[in-house]
Structure formats: C-alpha cells, structure tokens
Amino acid sequence: MIFIAKTITILVAIMHLYFLYLEMFAWTTKGKKVFRNFPKDLFEPTKQMAANQGLYNGFLAAGLVWSIFITNLEWSSNIALFFLGCVVVAGAYGAYSVAKKIFVVQGIPALVGCIFWVVIKFL
C-alpha cells in the first residue's frame with residue numbers, strides 16, 4: 001500500500017514538473033500545442049503570468065518529492081497529504097474557473113493519492 005501511495009505521489013510530482021516546464025520555459029512554443037483552446041495571440045503577452053504559474057507548480061512538485069524522502073512514515077504521509085491536498089484544491093478551482101478537464105488531469109490523481117495516504121495513516 002505504501003508503494004502505491006508513493007508511486008502516485010511521484011506521478012503527480014512528475015506531472016507538476018512537466019507543467020513547470022511548459023509554463024516557465026515552453027509557454028510560447030510547445031505551450032501553444034498543449035493549450036490549443038488558448039488564443040494564439042495571447043501566449044506572448046501572458047508569458048510572465050504563465051511563468052509564475054509554473055513556479056507554483058514547481059513548489060507543489062518539490063513538496064511531493066520531499067514527502068517521498070522523509071523516512072518517518074507519519075511525517076511522510078502528513079507532507080504528502082498536504083501537498084496532494086493543495087493539488088486537489090488547485091484542480092477543483094481550475095475546473096470551476098477554466099475547464100473541467102483540469103480536475104480530471106490534476107485533481108483526480110491527487111485525490112487517489114490522498115485516499116491511499118489516508119488509508120495508510122488511519123487504518
């Protein structure tokens with residue numbers, strides 16, 4: 001069960017590292033291919049805003065990776081639950097404010113990770 005929880009946590013972290021890359025370094029190139037519904041003429045003017053979003057995704061990824069390296073199971077689960085919970089909230093807000101697909105891509109994997117960590121922590 002711990003292996004599955006850690007694997008999901010790592011997968012969510014990898015996704016957020018990819019979002020960091022897209023938003024901080026590839027917004028005006030690869031970003032146009034990934035975010036097809038976003039108007040093409042707005043990529044350049046929103047480059048700094050996207051980089052800021054990417055930085056926040058990097059912080060989420062860092063916290064998730066950090067949780068994996070904590071050897072104390074109680075603290076590892078606490079940190080993982082906090083950062084996965086942040087991802088769930090961000091995914092829910094993204095679904096509400098931008099597109100429901102955001103919750104499917106970001107929120108559901110984080111929610112599944114939360115469920116596994118809660119089971120480990122409390123059962």
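Keep in mind that what you see is a predicted model, and the values were worked out from it rather than measured.

(A) Local environment of the overall build of the chain. From N to C terminus, the chain includes 5 helices and 0 strands. Counting helices and strands in the order they occur from the N terminus, the chain gives α-α-α-α-α. Here the chain holds 123 residues, and 37% of them are scored as buried. The contacts of the chain with a sequence gap of at least 6 include a subset with a gap of at least 24, amounting to 61%. Summed over its atoms, the accessible surface of the chain is roughly 7,600 Å², and 72% of this surface lies on carbon and sulfur atoms. Averaging the locations of the 10 positively and 4 negatively charged side chains of the chain gives two centres separated by 9 Å.

(B) Main features of the nonpolar core. Val-12, Leu-64, Leu-84, Val-87 and Trp-117 are the most contacted members of the largest nonpolar core, which totals 18 residues. The set of elements that each furnish at least two residues to this core consists of helix H1 (2–25), helix H3 (47–69), helix H4 (73–97) and helix H5 (101–122). If you tally residues by element for this core, the top one is H4, at 7 residues.

(C) Here's a closer look at the packing of aromatic side chains. Under the definition given, this model contains 8 aromatic pairs. Where Trp-27 meets Phe-43, the ring centres are 4.9 Å apart and the plane angle is 50°; that geometry is what we call tilted. Of this pair, Trp-27 sits in the loop between H1 and helix H2 (30–34) while Phe-43 sits in the loop between H2 and H3, placing them 16 residues apart in sequence. Each member of the pair Trp-27 and Phe-43 is classed as buried. One aromatic cluster in this structure is built from Trp-27, Phe-35, Phe-38 and Phe-43.

(D) Main features of the environment of Val-12. Residue placement: Val-12 occurs in helix H1. A relative accessible area of 1% means that Val-12 is categorised as buried.

(E) Inspection of the state of the cysteines at higher detail. For the structure shown, the criterion picks out 0 disulfides. Here Cys-114 is not disulfide-linked; the sulfur of Cys-86 is the nearest cysteine sulfur, at 9.4 Å.

(F) Looking closely at the packing of H4 against H5. Remark: H4 packs on H5, axes separated minimally by 8 Å, with the N-to-C direction vectors making an angle of 155°. In terms of orientation, H4 and H5 fall into the roughly antiparallel class. Handedness of the H4/H5 crossing: left-handed. When the residues that make up the contact of H4 with H5 are grouped by side-chain class, the tally is 16 nonpolar, 9 polar and 2 charged.

(G) Local environment of the environment of Ala-51. Within the fold, Ala-51 resides in helix H3. Sequence-wise, Ala-51 and Ala-26 are 25 residues apart; in three dimensions their C-alpha atoms are separated by 9.4 Å.

(H) Structural context of H1. Counted at 1.5 Å a residue, the expected span for H1 with its 24 residues is 34 Å, and the 34 Å between its end C-alpha atoms agrees. For H1, the complete set of buried residues consists of Ala-5, Ile-8, Thr-9, Val-12, Ala-13, His-16, Phe-19, Leu-20, Leu-22 and Glu-23.

(I) How the structure looks around a nonpolar patch on the surface. Together, Tyr-18, Tyr-21, Phe-25 and Val-34 give the surface a local cluster of nonpolar side chains, amounting to about 400 Å² of exposed area. In terms of residues, the nonpolar patch owes the most to one element, H1, which gives 3 residues.

Rules and cut-offs
- Residues numbered from 1 in each chain as written.
- Predicted model: local features only at pLDDT ≥ 70, side-chain atom pairs only at ≥ 80, totals over all residues.
- Heavy atoms only, no water.
- Helix = DSSP H or I, 4+ residues; strand = E, 2+ residues; numbered from the N terminus.
- Buried < 20%, exposed > 50% of the residue type's maximum accessible area, 1.4 Å probe, protein only.
- Contact = heavy atoms within 4.5 Å.
- Areas by Shrake-Rupley, 256 points an atom, 1.4 Å probe, with all protein chains shown as cover.
- Lys, Arg positive; Asp, Glu negative; His and termini not counted.
- Charge placed at Lys NZ, Arg CZ, Asp CG, Glu CD.
- Core = buried A, V, L, I, M, F, W, Y, C linked by side-chain atoms within 4.5 Å.
- Phe/Tyr/Trp six-rings, centres within 6.5 Å; stacked < 30°, edge-to-face > 60°.
- Disulfide = S-S within 2.5 Å.
- Axes fitted to C-alpha atoms, helices over the stretch in contact; angles between N-to-C directions.
- Parallel < 35°, antiparallel > 145°, perpendicular 65-115°, else oblique.
- Left-handed = near helix turned anticlockwise from the far one by under 90°.
- Nonpolar A, V, L, I, M, F, W, Y, C, P; charged D, E, K, R; others polar.
- Expected span 1.5 Å × (residues − 1).
- Patch = residues over 30% accessible without salt bridge, like charges linked within 9 Å, V, L, I, M, F, W, Y side chains within 5 Å.
- Salt bridge = Lys/Arg side-chain N within 4 Å of Asp/Glu carboxyl O.

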